[in-house]
Structure formats: C-alpha cells, structure tokens
Amino acid sequence: MLIFFKGACKMKIKGLLLLGAMCFAAYAQSESLPPLQTVPKLDVQRYAGQWYEIARLPMPYQSHCVSDVTAFYKIKSKDTISVTNRCLKADGTWSSAEGLARVQNAENTKLSVTFLPKAIRWLPVGKAPYWVMALDSNYQYAMVGQPDRKYLWILSRTPNMDEAVYQAYLQRAKEQGYDLSALIHTKHRK
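Residues numbered from 1 in each chain as written. Predicted model: local features only at pLDDT ≥ 70, side-chain atom pairs only at ≥ 80, totals over all residues. Heavy atoms only, no water.

Caption draft 1: Highlighting unusual backbone geometry. Although it is not a glycine, D68 adopts a positive phi angle of roughly 55°. Relative to the assigned elements, D68 resides in strand β2 (residues 65-75). Take D68: its relative accessible area is 7%, and that puts it in the buried class. In this model, N108 sits at a positive phi of 65°, which is unusual for a non-glycine residue. Along the polypeptide, N108 turns up in the loop between β4 (94-103) and β5 (110-114). Relative accessible area serves as the criterion here: at 16%, N108 is assigned to the buried category. (Helix = DSSP H or I, 4+ residues; strand = E, 2+ residues; numbered from the N terminus. Buried < 20%, exposed > 50% of the residue type's maximum accessible area, 1.4 Å probe, protein only.)

Caption draft 2: Representation of the environment of I75. Along the polypeptide, I75 turns up in strand β2. Its relative accessible area of 24% is what places I75 among the partly exposed residues. Considered as a pair, I75 and L100 are 25 residues apart in the sequence and their alpha carbons are 10.0 Å apart. Sequence-distant contacts of I75, defined by excluding residues within four places in its chain, comprise V44, Q45, A48, T80 and I81. (Contact = heavy atoms within 4.5 Å.)

Caption draft 3: Here's a closer look at the layout of surface pockets. Approximately 460 Å³ is the volume attributed to the largest pocket. Lining the largest pocket are 28 residues, with Y61, Q62, N85, F115 and W153 sitting closest to its centre. The element that contributes the greatest number of residues to the lining of the largest pocket is β2, accounting for five residues. Split by residue class, the lining of the largest pocket holds 19 nonpolar, seven polar and two charged. (1 Å grid on protein atoms, 1.4 Å probe; cavity = no way out; pocket = protein on both sides within 12 Å on 5 of 7 lines; lining within 4 Å. Points joined across faces, edges and corners; volume = space filled by probe spheres on them. Nonpolar A, V, L, I, M, F, W, Y, C, P; charged D, E, K, R; others polar.)

Given below as structure tokens:
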C-alpha cells in the first residue's frame, strides 16, 4: 500500500510539474508577442448599430453558430454599450446573447465585454477583452481581437465585404501574430 501511495504521489508531482511547464510555455509565448495594436481612436456613437460577422476565430460559445452572425451595439452611457449577438443554429433556430461592453481606455479602442447574467456582472470574472484593431474611416468595416491572439472577428455593416479590404484585414491580423488557419468565413443568407 505504501509503495502504491509513493507511486501515486510521484505521478501527481510529475503531472503538476508538466502542467506548470505547459502554463509557463503558454505565458512565455503570449509575452513574446508585441502588444496588440488598436486603431488610434474610436467614436462609439459611429460604431454603434448593426454589424455582420464576415469571419471569425470563434470563442467556444459560438460553436453552435452556422450562419447569419450579427452584433448590435447600443450606447447606454458614456462608458457602457449594450451588445446583442445573434446567429442561426444548424437546426434553423436563432440564438442570441445579451451582453455589456465597458470602455477601458480614453481612446475607446479597448473594451471589456461580458455576457454573464445581469445579476452577476459585477463579479470580477467572465469579462473578455474586445480591442478594435482596424476600422475604415466610414465605419463600414472593422476588425476586433484580443491581446492573446486566440479570438478574432472581421465585421462589416453589410453581409458582404469588399474583398480588398478583407484581404488587407487578414494580412494585418497575420502581421499582429494571429494564426488564421482555423478562421471561419461566416455565411449569410441575404
């Protein structure tokens, strides 16, 4: 019994050491990336309204979305924006999520978004960075990402995007350290 216990402890210690090494490697990789660049300034009044997702490196909650992904932003106050994400699921039904974005910098280019239930949004968890990395001067196209480079969204005011702008945004994402091999191009029925 004692031999088994010693063996189990050694395995647990090795497992913890391996887990620690993996965490350190992931941290070191994220630290080796240059800071994610955002647009110089964002006019939230102009940014508000309907956006169509053109492509994404999705968050896990988007796994059920097969097409027609949209986001609607509405100004609530100087520093808060309501967010309504919507998509069509494989079974033909709609899925929607209500969230809240809070401005995190004076330029309005870095936001923190939560989709937690309203009653628990005060908790210090469940918030994700939403950084505007690219935006055309007419506020028709945007690219949003996160500092860890895991998630990315390319957005347009219409269900279709100018191909040259799309390719330029993809190139900009690659230059900022994004791996686009898992990028999903969003379909729209319109």
